[in-house]
Each structure stands twice: as C-alpha cells, then as structure tokens.
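# Coordinate inspection notes
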Amino acid sequence: MKTILVVDDNKMNLASARKVLCDKYKVVPVMKGQQALTYLESGECDIILLDINMPEMDGFEVMKRIREMEHCLSIPVIFLTADSEPETETRCFREGAIDFIAKPFVPEVMLSRIGRILELEELRRSLADRLEQKIREVSDIKSKSSKDTLTGLWNRTYTEETVNGLLENGTAGALFMIDMDNFKAINDNYGHIAGDKTLKMFADTLREFSAEDDVLCRIGGDEFVVFVKNVTSKPELSSRAADIISDLCRKIEDCKFDTNTSVSIGIAQAPDDGTEFAKLYNSADKALYYVKQNGKNSYHFFSDRVQSENDRGGRTVDLKYLQDLMSRADSGKGAYLLDFESFNHVYNFIRRFIDRSGREVRTLLFTVSENENEEPDTAETELALELLEKAIYTSLRRSDVSTRYSGKQIIVILMDTNTENGDMVAERIVECFNKLYTGGKLRVDYGIAQMDGKGGVIGKK
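Here's a quick rundown of the structure. (Residues numbered from 1 in each chain as written. Predicted model: local features only at pLDDT ≥ 70, side-chain atom pairs only at ≥ 80, totals over all residues. Heavy atoms only, no water.)

## Side note on the packing of helix α8 (residues 192–208) against helix α9 (residues 234–254)
In contact at an axis separation of 10 Å, α8 and α9 are set at 145 degrees when each is read in the N-to-C sense. The hand of the α8/α9 crossing is right-handed. Within the contact between the two elements, α8 uses Met201, Phe202, Thr205, Leu206 and Glu208 and α9 uses Ile244, Asp247, Leu248, Lys251 and Ile252. (Axes fitted to C-alpha atoms, helices over the stretch in contact; angles between N-to-C directions. Helix = DSSP H or I, 4+ residues; strand = E, 2+ residues; numbered from the N terminus. Left-handed = near helix turned anticlockwise from the far one by under 90°. Contact = heavy atoms within 4.5 Å.)

Printed below as a string of structure tokens:
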C-alpha cells in the first residue's frame, strides 16, 4: 500500500483528506511543516500533499527544506491551496511541485490526480531502474574490455589513458616495469597451465604490495607495469621493489620450479623522467634493460643511469686519455677479476664473439662447500673464497675472466679452451687452493660447460 504524507494546519482538512484516501492508501497526517520534516528524516512516503498557507513555516519553505534532504529529492509533491491566482500556480511549479489541488478539494479529483501521479512515478522509477541497469551493464562491458582476462589487471590501453590523465593533473609517482626472468622455461618445462598460475600469482603479489589507487597492468606475456601514485621517495620505492622481488622469488621457489626464474624491475619517476606514459614507459624500459644486462633479479632507477652519464658528460677527453683510463695497470699476469655487473657485460660480449668466430670457450663454476659433519661458518667460508680467488688469479692467463657470483661460488670463463684442457685448468686451481687453504673444514668442487653462441651451455659436468 502506498503511503501519503498530508501536511495541513487545518484539522478539518486533514480529516477530510484522510477519509477520502484511507481506503486506498496509508495516510500520515501532520499539522506543521517541522513535523513533516521530522517524519521524513526516518519515515518513508510515496507522495506528499502540502498545504501552502501555514503558520511558522509555509508550504514553500517546507518544500525547500524537503529538497535539501537527499533521500527525498524524488518524492512527488502536490500543493494544496485555496488561492486560485495564476501567480500562485506558477510559483507552485517553479518550486518543484508536480501538481496542485485547489481547496476545498473534490474527492474524485483528488483521487484521480494522486492515482495518475503515482502511476507516472512508478513508471519513472521503473525506467530509472532499467537505465541504471543498462549503465551498469555498459560499465561492466567497458571494464571487462579494459582488463586482462587471465590476471584481472588493467590492459595497456586503459593504463596508458589513465596514467596520462593522472600526469596531466600533476600527479607525481613512479612507473615500475616488471619482468619475470626465464619465464619461458616454466611454460616449456612445466606446461602453460603452470605458466598461467604463475602469472596469476605474479598479479596477486603486485596487488599485495600496491595501494588501492595504484594502476596495475599486464602489458603482455610476463611483462607487467605498476604506476605508483604520490610516492617519489627513492628509499620508499626501493623498499617496495625489493619486497616485490623477494616475495615473488620466494613463491617461485615454493613452486619447486627448476628454471632459475627471478624478477627484474626498472623504475622511472614522474615528473623527472617523463610527464606522459610513453616517456615514462621508455625510461623504465631502459632501466629494466640495465637490470637484465647486469645479473637480473634486481631493480634499477632510470635516473641513476642518467646521473652516471651526466657525471661524465661535463668532461671532454681525448682518445689517448680514454685508452690510459681503461687500460689495465697490472703486469699482465693472471685472470681478470671483475665484479658481477662487469662480468655480465663481458659474458654477453664473448657469447656474441663465439657466434661469429666459432671459437671454443669453457665456463667453470667453483663452489665452496662444508666437508661432512662440519657446521657452516661464514668467516671460514669468506677466507676460503678469498684464497680460491687467489688460486684462480695465479693459475690462469690474462685472457681469462672470473667473478664472484655469491658468498660460495666463483665463475670463470676460459678462452680458447676445450673440455680436456678446461678440466686440467680446474684441477690445477683446486690443487693450488688446497695448498693455500689449510683449515680442513671446506672443500672446492667445480663444474665445466661449453659456452655456445646463444648463451647456453653444452656438456655440463
């Protein structure tokens, strides 16, 4: 049953209205405007009959106050008035009334007008509901078309438009370009179902380490982008990048994938590195490339690379100065001992060299391990590793290259060496180490493999 709120300061009018309406509607009669407002704060009604001429607060003032109540904006109002002047009628409609009924009212006319208005209101609400439903459906379709079907993250088109909009409005932040190293090996070795699960896990991890209003995107394959809003502090961005890498690597390890899969991140900051998506994307891509070329499984800021170039950019040198600067200052004996970043560049250079020349190159991996029944001792292991580096340096030629990969392993590249000669060199290094190290707690093992022009290895030992 529909509810009608009748507001009139005349008891006779209220009684008459109630008598006419009570058979078809629930009637709520009040004599003052304030009583009507109080009722509307918590009560509901489908239509309001509102007298104009009332003491303390007239109908027009009550109407204004009703329209200030958000939940009452759509309730139809019919004014009750004994004033038949055209100006009054005009004002009724101007103030937002849907109709007016002249006093003394005729029961049949009142019922007819109220019934017609309620029918129209019901039709209006039905159309409004249908329109809202259509809007939701269109919104859902648009949202689905803007999202990656596998991970539920935004796609590139939506992300580019959204980030450009944020940047145009002066929003600062950072763009993370995130890539899974050796992801293809998961698909190849464990199947695409495992690969898809890994990508979903990747997306869930990004959600876990992102704020609600950050923009998360899957560009394609194993490449993801996150726009971090309103964070510009390098320590804070570094912490987030490190957390993402650490958490993802832990989860990948828990999956027991034997693929050496890790995570690399390139970071570009807005507005310093770009004020539009394309520029930030390009800058983050260059930072990511730096990580890929320097061992992977880390993050890098584009601005760090720019700063390094700028530090050199203010100086002009000649070719002789560069030759002297980059020439080795030692006597020419022993292998090159490089940091891992430099070694990575050399490794890729040699790989390309092999592809063109067909020369034979061997890679050695030395590992320091505890002897049986010995407890791990970090200080002892570090001492052993230093002695192993000394053994490598003194046992190899200048054309060979080595680097410390971790706190227990050293990698060596042997130029122009076959497997037989490589074994001889490795045994010579182990023998030299055993002479230098007398602790008895640790030993050195090694593996040897042929490097091919594609970066792979042939004939692991």
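## Considerations on the sheet that holds strand β6 (residues 173–181)
If you walk across this open sheet you meet the five strands as β7-β8-β6-β9-β10, and the pairing is mixed. Here the strands that pair on one side only, and so sit at the sheet edges, are β7 (215–220) and β10 (299–301). Each strand axis lies, on average, 20 degrees off the axis of its neighbour in the sheet, ignoring direction. Note: β6 against strand β9 (residues 262–270), nine bridges, orientation antiparallel. (Pairing = 2+ DSSP bridges.)

## Concerning the pairing of strand β8 (residues 223–229)
The side chains of a regular strand alternate between both faces of the sheet. The element β8 is extensively covered by neighbouring structure, given that six of its seven residues are classed as buried. With seven bridges joining them, β6 and β8 adopt antiparallel strand pairing. Bridging across to β8, leucine 175 finds its partner in phenylalanine 227. Bridge analysis of β7 against β8 gives five bridges, and the strand direction is antiparallel. If you follow valine 215 over to β8, its bridge partner there is phenylalanine 227. The antiparallel pairing of β7 with β8 creates a hairpin that spans two residues between the two strands, and glycine 221 there sits at a positive phi of about 55 degrees. (Buried < 20%, exposed > 50% of the residue type's maximum accessible area, 1.4 Å probe, protein only.)

## Things to note about the nonpolar core
Phe176, Ile178, Phe202, Leu206, Phe224 and Ile265 are the most contacted members of the largest nonpolar core, which has 30 residues in total. Among all residues touching phenylalanine 176, those that are not within four sequence positions of it are Phe224, Val225, Val226, Val228, Leu237, Ala241, Ile244, Ile265, Gly266 and Ile267. Among the nonpolar cores identified, the runner-up in size contains 25 residues, and Leu37, Met54, Phe60 and Met69 belong to it. (Core = buried A, V, L, I, M, F, W, Y, C linked by side-chain atoms within 4.5 Å.)

## Some points on the side chain of aspartate 148
Secondary-structure assignment places aspartate 148 in the loop between α5 (107–145) and α6 (156–168). Separated by 2.7 Å, the side chains of aspartate 148 and threonine 151 make a polar contact. If we ignore the near neighbours within four places in the chain, the residues touching aspartate 148 are Leu153, Trp154, Asn155 and Arg218. (Polar contact = N/O pair within 3.5 Å; in protein donor to acceptor, adjacent residues only side chain to side chain.)

## Focus on unusual backbone geometry
Lysine 103 connects to proline 104 through a cis peptide bond whose omega is -10 degrees. Residue position: proline 104 is located in the loop between β5 (99–102) and α5. A cis geometry characterises the amide bond from alanine 270 onward to proline 271, with omega recorded as 10 degrees. Take proline 271: it is sitting in the loop between β9 and α10 (277–293).

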